[in-house]
Each structure stands twice: as C-alpha cells, then as structure tokens.
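Examining the three-dimensional arrangement
Now for the letters of each chain:
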Amino acid sequence: MKQFHFTFADQFLPALKELQETYRFSISKDGIPVTVIQRDSSELAVSFHSDSATIVYKENIHFFRGFGMLLEHLENGERDFEYSETPQFSMNGAMFDVSQGNAVITVETLKSIIRSMAVMGLNMLMVYCEDSFEVKNQPYFGYMRSKYSQEELKELDTYASLFGIEMIPCVQTLAHLTDTLRWECFRDIKEDSSTLLVGEEKTYAFIRDILKSASAPFQTKRIHIGMDEAWRLGLGTYLEKHGIVPPYKIMKEHLLKVMEIVRELGLKPMMWGDMFFRTAGKDYYDLSNVITEEVIQSVPKDMQVIYWDYYHETQDYYETMLQRHKLLGETIFAGGVWSWSSFGANYGKTITTTNLGLSAAKKMGIKQVFATIWGDNGTECNPLATMAGLSLFAEHGYREKVDMKEVKQRFHFCTGGNFDDFVNLKYFDEVPNCKENNPDEYNTSKILMWQDLLTGLYDKNIEGLPLDSHYKKLAREMGNASARNGRFNQLFQFNASVADVLSIKSELGLKLTRAYLEKNTALLEQLKEATLPELFTKVVNLRKLHRALWMSTCKPIGFDIIDMRYGALLARITSAKETLSDYLNGTIDKIEELEQERLPYSGSSEEGIYNNCYGDIVSASRIAPRA
C-alpha cells in the first residue's frame, strides 16, 4: 500500500480519507511527498521525479483526477513521469433518473459513484426526481414510492462537495408528473394525466413548494426545472377553460410564472430545450423547424437551455442542433448512456453518440455537458451498469480526442471494472439480425423476457433467429465477467442469470407453436415435463439475484413492479404447463392460443425489435398492466 504526505492540501484530506480503502493508499508523514499547487491556468499537471510528486490544478475536481492519475502511474510501475491535460468543459457529470423506473439509488451507492466520479474527474451530479424527494406539506407527492428525505439529500450534497462535485437539484415543473397527478387532491392543477394546468394560481403554489423543497438541501443555487415533453400542452383542461391557444404562448405564459418563483428563491435555472422546438408544431429533431424571433425572445436571459440528444449518428447533425440551441441562449449538451429500455446496456449506441455529441460540443464551444441515465419502465438494467459510459464522458472532458485504449485503462483504475465486459452488455439486445452497435435501439432482452409463451406477440419478429444459442454464449461470457469485476461481480452474476433464462425462453414460444401445429405430442410432452420446469427454476433463481442486486443498490419500494412481472411470468409458465397437460390428456381438443396465426408486431416483417412498455409486450389486451 502506497503512503503519501501532502503539502498545501489540508482542504482535501477529508475526501482523501474517503478514497483510501478503495484505492489502497494511506496518508502518513513518512509517505511520498506530494506538493499540491493551485493555479489560474486551466492545465492539470502531474509529475513524479526523485521519489516526490507534484499536482498542479485549477478546480478542486482536477486535483482528484490528478491524484488518481498519480496513483495509476505508480501502480503501473512508473517512477519518473510528467503528465498534463487541458479540461475541455467547465461542467461534466451525470444525471441518474430515480423516478420513471422506480429505482431510487441508495445514499451509500451514490457515495460510491461519487468517489469513482471524483477520480474520473467528473464534477456534477443530478438525481432526476419527478416525485422522489420529500415535500413536507404535500403528503401525496411521492406517496408510497421510494424517495429521498431532506436529510439524505443534504448528506449527499455535503459528501459530493468534499470532492469538488456540485450536486444540482433536478425536477419537473410542467409535465412528466403522472405519478403525482394520479391523486385526487391534485385535480385542480391537472391539465391531463401527466401535465400541470398552466395559468392556475394553485399550480404555482404547488410549484413553489416543489422548488423550495428541491433546492433547500443543496449548497448550489443552480436548479434544473425540467419542462420537457409536454405532449398535449393546451389540449386538456386548459382547452376547456381557454379555448384554442397556440402552444408556444402557453409555454411562454407558464415559463414567465415559474421564473418569477425561481428568481424569488434566488435560483439559477436550466431547462430541457425541446419544447421551444415542439411548440412550432414539429418534432424536436426536425431540422425544418423554424425558430421564430418570438420564440427566441420568450427564453429568459438567465435561463440555460439543454440540448438533449443520444440518437443521431453524424457529428454534423449535433453541430447544427447546437447552433440552433445557441440562438436561445447559453446551451448545455446532454447525451446519454443507453440503459433505459432493457436488461442490457446499449453500449454500441452509447459510444457512437457520445463520441459524436461531445466532439461536436467541443467544436462548438459548449462548456457544460452531462450524461443522462434514464430509468424508463422498470430499470431492469441496474444503474451501476452505466459506469463505463460515465468513464467515456470523463475522458472526453480532458482530451480533444479520446483513445479507447486509454478509456479502458482509466475505467479499470477508477472503478475496478473491465470496460470490455461492460460493453458486452450490449449483446443482450444486439442479436443476430441487429445492425452492428444497435443504431435502431433494439431492446430484445426485455421483450423476450416478458412476452407470453402462449401468445408471444413478437414470435413472428424473431422467427428463424438463433437466439437460444446467442444467449447461451452470452451467459458464459457474463459468468466469466462475474469473477473479474470486483464490486460489480454481483451485477454480472445477475446478467449471467438473465442470459441463462433467455437461452431457454427466447425461442420457446415458437417451439411450442411448431410442435403443436405439427401434432408432435412427444415434443410437447418433453417441453411440458422438462423444458418448462427447468425454465421455472431458472426464473425463480433470476428473481432472487435481481432482488438481491436491487436491494444492495436501490431503495426497496419500486421492486414491487419487478416482482409483479416475475410473478406473472412464473404464473404463465405454470399456465403453459397446465394447458399442455390438458391438451395431451384430452381434456381440451385444441390450444386456442397456439391456433392463432403469428403476425409481425407492427405489421411489417422488416420492423425492428423494440418496445419499452411492459403492458404492450405481454398482451394484446388494453387492460394489461401499463407499468
């Protein structure tokens, strides 16, 4: 274990003590002398000569990245070196969605992420909370859902600040409030099922409560006020009250009122930029959208506007959209680590879009960026699976161009994880008929896990694909990864089990249908007596591993939805076995589900394999659970 003695670094000692156990060093007067120098120059420099080290930094976060680089070089056996780099961004960090997918990350897990972020050199963290924080005079806000207390958020903020990481509250003040507006007590401020009613006095009293509670635990005055994807703005209760009003006028009215509250509270806001484009009547990403002078003037001068994009495959596109956003004011770029639609993480798409988006941001002079990590529809992919994506963001933050070999080395040092193993999580969805790097966003593993065995809505889409063998190979690879990824071993044990289940279940609906239509009773008997019981056992094991992983990283309330999904899956496996028994012993003369012709899900055999709504995957009925 290396020992270090720091000069001019007393302010960093509490944070360094937090890093000692993970990074295997200690602080001692007899340790390697480390001279710490703060300068106005933006360059970060680390050197080691004659058994002593120097770290030159500007911002506090640069010191921790620099110290990490010192440790890494020494661990690699280097004894004489100089290393320097120029930070590319003033803000670079992560936003974890803890609301939409029910996965409220525990305080201790977030602290471990903060430590990794510090050594990576990331200096900003948000937890995206629609209703996942405490508002004392709004008892139905976040009712019966996991959330953070004021004390927990203050504890996290204090901890992050030790490392020079700014925690910024991140909320919603217009749409994305489905879990709140379901309650009767909010009827008077409800435009539709997810959107607040613009113009109502009660709406702004509610927003004031939200903003006061959201900002109170944090040292920063910055706040993310959301306001994206208000799909039906002006088409619900607002229409009934006021008639037809152009959406951009409603947006302007609402923004002015929210800004009054923001300024009253002394806050510095940012918001998603899409509604300034959508109110023109077209899709956010449609380059034919005309941004009028009236829209430009509607953006408050003290508002930062976020261009969010993790979709496009050319740098020119990102540059064009950044230029368009800059017309609205100071622009922040938000990319994404694709983990929100399946059991795996789409690292092919993540790496492609991150490299393009951040390269464009650097070229266009954008100084603030962050990675979004959404949790849509269940968070089947554990948040820890995104850490390799954060490492890529970090390396972009200190280099004009990144070298993937260096990214992999830095990731291993900062987290103990194997970068290639994390990238291989993409193969849960990048299946044999998928384009390389999954640009079409297949979420095959989610669909194949939850779709019904007897009424498989996606059976036609996967017909002829060697999915069982694909997942059998992946199960072996994930099993191997679970022995070499340190604190992430549990994550890969879970992923190995997911692949193990899919190695049996993926094609099982097709096998059942084929055997039935061919009247192959011997095979049906085998599937009933051997395959279905084996699958049942593997799903039971998977659920146990999933629950253990969830409880070790996230708060308990939220896993109930995942539990219900496993419960339904196990019940339907049992039902399939019972149905086969009834057919084989003559109780029924046909299996109606297997009599049905299999059709492509959306009517085309050329369509991709994507659906991120559980209810749409499991059943053709409208009363299937939407969660």
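None of the values given here were measured: they were computed from a predicted structure.

Some thoughts on the UniProt feature "domain: Glycoside hydrolase family 20 catalytic" (unreviewed entry) in the protein chain
Mapped onto the present numbering, the UniProt feature "domain: Glycoside hydrolase family 20 catalytic" (unreviewed entry) falls on residues 92-310. Structurally, residues 92-310 is divided into 37% helix and 12% strand, and its ends, taken at the C-alpha atoms, are 16 Å apart.

A look at the sheet that holds strand 4 (residues 44-49)
Across a sheet, paired strands are connected by hydrogen bonds in the backbone, their directions being either parallel or antiparallel. Ordered by their spatial adjacency, six strands build an open sheet running 2-1-3-5-4-6, and the pairing between neighbours is mixed. Two strands bound the open sheet, and with one partner strand each, they are strand 2 (25-27) and strand 6 (81-85). With direction set aside, neighbouring strand axes in the sheet form an average angle of 20°. In terms of strand pairing, strand 4 meets strand 6 through five bridges, oriented antiparallel. Within strand 6, the position partnered with serine 47 by the bridge is glutamate 82. Along the sheet, helix 1 (residues 13-23) contacts strand 1 (2-7) and strand 2; its crossing angle with strand 2, the most-contacted strand, is approximately 150°.

Things to note about a nonpolar patch on the surface
On the surface, Tyr140, Tyr143, Met144 and Ile557 cluster together to form a nonpolar patch covering roughly 390 Å² of accessible area. Relative to the helices and strands, isoleucine 557 is located in the loop between helix 21 (521-553) and helix 22 (559-584).

A look at the packing of aromatic side chains
In the structure shown here, the tally under the stated rule is 53 aromatic pairs. Taking the centre distance of 5.5 Å and the plane angle of 70° together, the rings of phenylalanine 12 and tyrosine 57 count as edge-to-face. Pair noted here: phenylalanine 12 is in the loop between strand 1 and helix 1 and tyrosine 57 is in strand 5 (residues 52-57), with a separation of 45 residues, a long-range link. Accessibility assignment for this pair places phenylalanine 12 and tyrosine 57 in one class, buried. Above the face of the tyrosine 398 ring, arginine 65 is positioned so that its terminal group lies 4.1 Å from the ring centre.

Some details on the domain arrangement of the protein chain
Under the domain assignment, the protein chain is made up of domain 1 (2-85), domain 2 (91-382) and domain 3 (443-618). The C-alpha-based centres of domain 2 and domain 3 are spaced at 35 Å. At the junction of the two partners, domain 2 supplies 26 residues and domain 3 supplies 29 residues. Both faces considered, domain 2 and domain 3 share a buried interface measuring about 2000 Å² in area, 51% of it formed by carbon and sulfur atoms.

Brief notes about helix 8 (residues 247-264)
End to end, helix 8 covers 26 Å across 18 residues, agreeing with the expected 26 Å (1.5 Å per residue, within 8%). Contacts made by the buried residues of helix 8 are with helix 6 (201-215), helix 7 (237-242), strand 11 (268-272), helix 9 (274-278) and helix 10 (293-298). At the C-terminal side of helix 8, glycine 266 shows a positive phi close to 70°.

Overview of helix 14 (residues 404-415)
Taking 1.5 Å of rise per residue, the 12 residues of helix 14 would be expected to cover 16 Å, and the 16 Å separating its terminal C-alpha atoms lies within 8% of that figure. Those residues of helix 14 that sit buried are Val407, Arg410, Phe411, Phe413, Cys414 and Thr415. Seen end-on, helix 14 carries its buried residues on one side only, within an arc spanning 165°. Capping the start of helix 14, aspartate 403 holds a side-chain oxygen 2.8 Å from the backbone nitrogen of lysine 405, two or three residues further along.

Focus: the pattern of salt bridges
A side chain with one charge can pair with a side chain of the opposite charge if their charged atoms come near. This structure, assessed with the given rule, holds 39 salt bridges. Residue arginine 484 is joined to aspartate 421 by a salt bridge in which the shortest nitrogen-to-oxygen separation is 2.8 Å. Linking arginine 484 in the loop between helix 18 (467-481) and helix 19 (489-505) with aspartate 421 in helix 15 (residues 419-423), this pair joins segments that are 63 residues apart in sequence. We classify arginine 484 as partly exposed; its relative accessible area is 43%. By relative accessible area, aspartate 421 is classed as buried at 4%. With a closest N to O distance of 3.4 Å, glutamate 525 and lysine 528 form a salt bridge. You can see glutamate 525 and its partner lysine 528 sitting in helix 21, three residues apart, about one turn around the helix. The exposure class assigned to glutamate 525 is partly exposed, which follows from its relative accessible area of 34%.

Quick look at the nonpolar core
Ranked by internal contacts, the top residues of the largest apolar core, which has 216 residues, are Phe4, Phe63, Phe67, Leu70, Ile225 and Phe370. Beyond its immediate stretch of four places on either side in the chain, phenylalanine 4 contacts Phe25, Ser26, Ile27, Ser28, Gly31, Ile32, Val34, Phe67, Leu70, Leu71 and Leu74.

Digging into the side chain of asparagine 489
Structurally, asparagine 489 can be placed in helix 19. Separated by 3.2 Å, the side chain of asparagine 489 and the backbone oxygen of serine 482 make a polar contact. Setting aside chain neighbours within four positions, we find asparagine 489 in contact with Ala481, Ser482, Ala483 and Arg484.

Criteria and cut-off values
Residues numbered from 1 in each chain as written. Predicted model: local features only at pLDDT ≥ 70, side-chain atom pairs only at ≥ 80, totals over all residues. Heavy atoms only, no water. UniProt positions renumbered as here; feature names shortened; annotations may be inferred. Helix = DSSP H or I, 4+ residues; strand = E, 2+ residues; numbered from the N terminus. Pairing = 2+ DSSP bridges. Axes fitted to C-alpha atoms, helices over the stretch in contact; angles between N-to-C directions. Contact = heavy atoms within 4.5 Å. Patch = residues over 30% accessible without salt bridge, like charges linked within 9 Å, V, L, I, M, F, W, Y side chains within 5 Å. Areas by Shrake-Rupley, 256 points an atom, 1.4 Å probe, with all protein chains shown as cover. Salt bridge = Lys/Arg side-chain N within 4 Å of Asp/Glu carboxyl O. Phe/Tyr/Trp six-rings, centres within 6.5 Å; stacked < 30°, edge-to-face > 60°. Buried < 20%, exposed > 50% of the residue type's maximum accessible area, 1.4 Å probe, protein only. Lys NZ or Arg CZ within 6 Å of the ring centre and 35° of its normal. Domains from an automatic or database assignment. Buried area = accessible area lost by both parts, 1.4 Å probe. Expected span 1.5 Å × (residues − 1). Arc of directions from axis to C-beta. Polar contact = N/O pair within 3.5 Å; in protein donor to acceptor, adjacent residues only side chain to side chain. Core = buried A, V, L, I, M, F, W, Y, C linked by side-chain atoms within 4.5 Å.

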